[in-house]
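Breakdown of the fold
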Amino acid sequence: MATDLEDIVEHMRRFAWPDYLVFVSMLMLCILIGVYFGFVQRKPNTESEYLMGGRTMMVFPIALSLIASFISGITLLGLPTEVYSFGIQYVYVALGVTLMGFVMGFIYLPVFHKLNITSTYEYLETRFDRRLRMFGSIMFTIMNIGYLPIVIYVPALAFNQVTGVNIHVITPIVCIVCVFYTCVGGLKAVVWTDVVQTFSMFGALVLVAVKGTIDLGGSDVVFRSAWNTGRLERPNFDINPTTRHTFWSQLIGGFVYWLQTNAVSQNMIQRYLSLPSVAAGRRALWIFVFGVCLLMSLCSYCGLLIYATYQNCDPLTTKLARAKDQLLPLFVMDILRDLPGLPGLFVAGVFSAALSSLSTCLNSMSAVILEDFVKPFVHKPLSQRTVNWIMRSVVVGVGALCAALVFVVEKMGTVLQLTMSLEAITNGPLLGTFTIGILIPWVESRSALTGGIFGVIFMSWLSLKAQYWVATGTIVFPHKPMSVDGCTYEFDRSLANATSTSVYTTDDIFPLFRVSYMWYTFLGAAVTILVSLLCSVLIFGRQDPKTVSPDLMAGFVRRYIHGPDVPSVQGNARVVVLTPNAYGKNGKSSHESAL
């Protein structure tokens, strides 16, 4: 007997008191960790302790914090839907992630660790000038303020799917908890809550994968249905850049994207710099690479599992799942609703991903605001009390702003897509600017700044225009086969045949706007570097590479420019180079003199 769609939705909302208990327990544990590091543990209340954990953190907790910081609720909920709809082509990005590990570990990480900096963008002032530092800091701030409301909003959608609780009830509560433990406990509280949240994420995904597989009768059923519909597929070696996912876009585009987010972003570098040595940073990096690849594999398997379960009645077509990010929560309530406490464990895992990303960004924002927007513009050293007040005020202020912006994300549908495109606008130019500094010493500050600004303008034009065509339904990406022939409930059948109302077709769009989003960071970095090089050759002239401090270059570039015996800052000594022309006419550096 057919059942109404609304009845099915209400039937699945069985979030009982054990589920609420598990969810609240996770939040309380985060608060207790913050209280411990803020009030119980007796450590000096200094800037280094608050932002960098005293630079004495342990490898394994930092590695888990890196995983938790990077994997947000968007990944946990979005990747299963990606695999469900388009197959496993995206998963080959693991090759790009692995390549990133080698390049970051041997080129970028040693440079930053040697300088003993707090804000990544201090490097840009040391290598170029203050204008580049402000450029990097502003781009980082814009990206985070645009990204964080989405981080909160997406898991709130999941919570709404399983409980019916309005998202504006749960988001302020979660934000208050996150702001509290980040504010009072600093980096150590953030890292150790990330450790708890990482185990929560992995536990939630393993729980769903095991229970779903048992219900279906084994993993062979999952893989057989995925193979028969083309979801389980070999790498696509098509060289066409407009193809959404190919082996090349995942390897090269994925490598560049992950390099930016992991190698030069304040959110991640701040954790690597809290470790006592480069060797410790590399160990944390490879644990991060392995953990992220494992987590993506779990998410992808869950996507195949969801398809095997709903292959005859697609819940996205019938609107049983009203938003794509609600597909996994729908599946969880379907298979776990008769097991009290387990849906709560899953939701706790999803919110753990959100909390870890939010707390990381809040802690990093306090570092950037203090180091890049306050300290350079005050003439007298700040007292420790003033520094503490500024750092904590930033955490509270940015947390409140992000909670408020959830209203904007919800009310204006296209804003969600446009805000997500901010990452593409800022990521590529930032990576290009840092890469110029580390690898191309003959480019001076004016050329680098011109390249960075041109890169932001170009990516704004490309990204926002492409998002517009996607939002209007003109650019459409074909899904893998889906069916509603086996549905046992009533739904609006016209939804299954809905098509775009745009007067244009995908082929009418300028090819550049149809380039896969996986190439965006690569394009932004390439344009920035190319324009900077052209400016160096045609307008501003080349900088003498020997006037650049050797500690600001990658090791192999330093050896090529200055020879194998050039002295280098070791350990935790801070480089004292404050201008791009640290080397005088006699070839002796100011920081060599200081040492």
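In what follows, the accompanying structure is described. This structure is a prediction, so every number in the text was calculated from the model and none was measured.

Before going further, it helps to examine the overall build of the protein chain. When helices and strands are counted, the protein chain shows 22 helices and two strands. By the burial criterion, 59% of the 595 residues in the protein chain qualify as buried. Put simply, 86% of the contacts in the protein chain that link residues at least 6 apart link residues at least 24 apart. Within the structure as shown, the protein chain displays about 23600 Å² of accessible surface, and the carbon and sulfur contribution to it stands at 66%.

Taking 1.5 Å of rise per residue, the 14 residues of helix α5 (residues 73-86) would be expected to cover 20 Å, and the 20 Å separating its terminal C-alpha atoms lies within 8% of that figure. Most of α5 sits inside the fold, with twelve of its 14 residues counted as buried. Listed as buried for α5 are G73, I74, L76, L77, L79, P80, T81, E82, V83, Y84, S85 and F86. Following α5 by one or two positions, G87 has its phi on the positive side, about 95 degrees.

This next bit is on the packing of helix α4 (residues 59-70) against helix α9 (residues 167-216). Put simply, α4 and α9 touch, their axes get as near as 8 Å, and they point 65 degrees apart. By crossing handedness, the relation of α4 to α9 is classed as left-handed. Two secondary-structure elements touch here, α4 through P61, I62, L64, S65, I67, A68 and S69 and α9 through V191, W192, D194, V195, T198, F199 and M201. Here the contact of α4 with α9 is built from residues that sort into ten nonpolar, three polar and one charged.

Further remarks concern the pattern of salt bridges. Evaluation of the coordinates by the stated rule reveals eleven salt bridges. Across the pair E82 and R244 runs a salt bridge, and its minimum N-O distance is 2.8 Å. Here R244 lies in the loop between α10 (219-228) and α11 (247-264) and E82 lies in helix α5, a separation of 162 residues in the sequence. The exposure class of R244 is buried, given its relative accessible area of 18%.

Within the largest apolar cluster, 174 residues are counted, with the highest numbers of intra-cluster contacts made by M100, M104, Y108, F112, Y123, Y272 and F288. Those residues in contact with F288 that lie beyond four places of it in its chain are A63, L66, I67, F70, M100, W258, N262, M268 and Y272. Of all hydrophobic cores here, the second largest spans 13 residues; its members include A424, M459, A466 and I509.

A cluster of nonpolar residues, F237, I239, W248, I252 and F522, forms a patch on the protein surface that exposes about 490 Å² of accessible area. In this structure, I239 sits in the loop between α10 and α11. Overall, I239 belongs to the exposed group, its relative accessible area being 73%.

Relative to the helices and strands, T242 resides in the loop between α10 and α11. With a relative accessible area of 22%, T242 lands in the partly exposed category. Distance in space between the C-alpha atoms of T242 and S516 is 5.1 Å, their sequence separation being 274 residues. Side-chain polar atoms of T242 contact the side chain of N240, separated by 2.8 Å.

Glancing now at the state of the cysteines. As enumerated under the stated definition, the model contains one disulfide in all. The disulfide partner of C313 is C487, and the S-S distance across this bridge is 1.9 Å. On the sign convention where negative is left-handed, the bridge of C313 and C487, at about 105 degrees about the S-S bond, is right-handed. Linking C313 in the loop between α13 (278-310) and α14 (315-318) with C487 in the loop between α19 (445-471) and β2 (489-490), this pair joins segments that are 174 residues apart in sequence. The thiol of C175 is not disulfide-bonded; the next cysteine sulfur, from C402, is found 7.0 Å away. Overall, C175 belongs to the buried group, its relative accessible area being 4%.

Our focus in this paragraph is the packing of aromatic side chains. Here the structure, examined in full by the defined rule, presents 21 aromatic pairs. Their ring planes at 80 degrees and their centres at 5.0 Å tell us that Y36 and F37 sit as a pair that is edge-to-face. On the accessibility criterion, F37 (16% relative accessible area) is buried. Consider the rings of F510 and F513, whose centres lie 5.9 Å apart with planes at 70 degrees: the pair is edge-to-face. Overall, F510 belongs to the partly exposed group, its relative accessible area being 49%. Note on F513: relative accessible area 9%, which makes it buried. Clustering of aromatic rings is evident, with ring pairs tying together F112, Y121, Y123, F140 and F434. The side chain of R231 reaches across the aromatic face of Y84, ending 5.9 Å from its centre. Lying over the aromatic face of Y307, R231 brings its terminal NZ or CZ to 3.6 Å of the ring centre.

An α-helical turn contains 3.6 residues, so a residue and the one three or four places further along point in the same direction. Of all the residues in helix α21 (residues 555-562), the buried ones are G555, V557, R558 and I561. Angularly, the buried residues of α21 cover 160 degrees about the axis, an arc narrow enough to put them on a single face.

Quick look at the packing of α5 against helix α16 (residues 342-374) now. Relative orientation of the contacting elements α5 and α16 amounts to 120 degrees, with a least axis distance of 6 Å. Classed by the angle they form, the pair α5 and α16 counts as oblique. Listed contacts from α16 to G73, L76 and L77 of α5 are F346, G349, V350, A353 and A354. Looking at the contact of α5 with α16 residue by residue, the class counts come to six nonpolar, two polar and no charged.

Note that S516 resides in the loop between β2 and α20 (520-538). Residue S516 is classed as buried on the basis of its relative accessible area of 3%. Setting aside residues no more than four positions away along its own chain, S516 makes contact with P241, T242, T243 and R244.

A few words now on the environment of T309. Within the element layout of this structure, T309 appears in helix α13. For T309, a relative accessible area of 30% corresponds to the partly exposed category. In contact with T309, not counting residues within four places along its chain, are L216 and F331. A polar side-chain atom of T309 sits 2.9 Å from the main-chain carbonyl oxygen of L305.

About the cut-offs
- Residues numbered from 1 in each chain as written.
- Predicted model: local features only at pLDDT ≥ 70, side-chain atom pairs only at ≥ 80, totals over all residues.
- Heavy atoms only, no water.
- Helix = DSSP H or I, 4+ residues; strand = E, 2+ residues; numbered from the N terminus.
- Buried < 20%, exposed > 50% of the residue type's maximum accessible area, 1.4 Å probe, protein only.
- Contact = heavy atoms within 4.5 Å.
- Areas by Shrake-Rupley, 256 points an atom, 1.4 Å probe, with all protein chains shown as cover.
- Expected span 1.5 Å × (residues − 1).
- Axes fitted to C-alpha atoms, helices over the stretch in contact; angles between N-to-C directions.
- Left-handed = near helix turned anticlockwise from the far one by under 90°.
- Nonpolar A, V, L, I, M, F, W, Y, C, P; charged D, E, K, R; others polar.
- Salt bridge = Lys/Arg side-chain N within 4 Å of Asp/Glu carboxyl O.
- Core = buried A, V, L, I, M, F, W, Y, C linked by side-chain atoms within 4.5 Å.
- Patch = residues over 30% accessible without salt bridge, like charges linked within 9 Å, V, L, I, M, F, W, Y side chains within 5 Å.
- Polar contact = N/O pair within 3.5 Å; in protein donor to acceptor, adjacent residues only side chain to side chain.
- Disulfide = S-S within 2.5 Å.
- Phe/Tyr/Trp six-rings, centres within 6.5 Å; stacked < 30°, edge-to-face > 60°.
- Lys NZ or Arg CZ within 6 Å of the ring centre and 35° of its normal.
- Arc of directions from axis to C-beta.
- Parallel < 35°, antiparallel > 145°, perpendicular 65-115°, else oblique.

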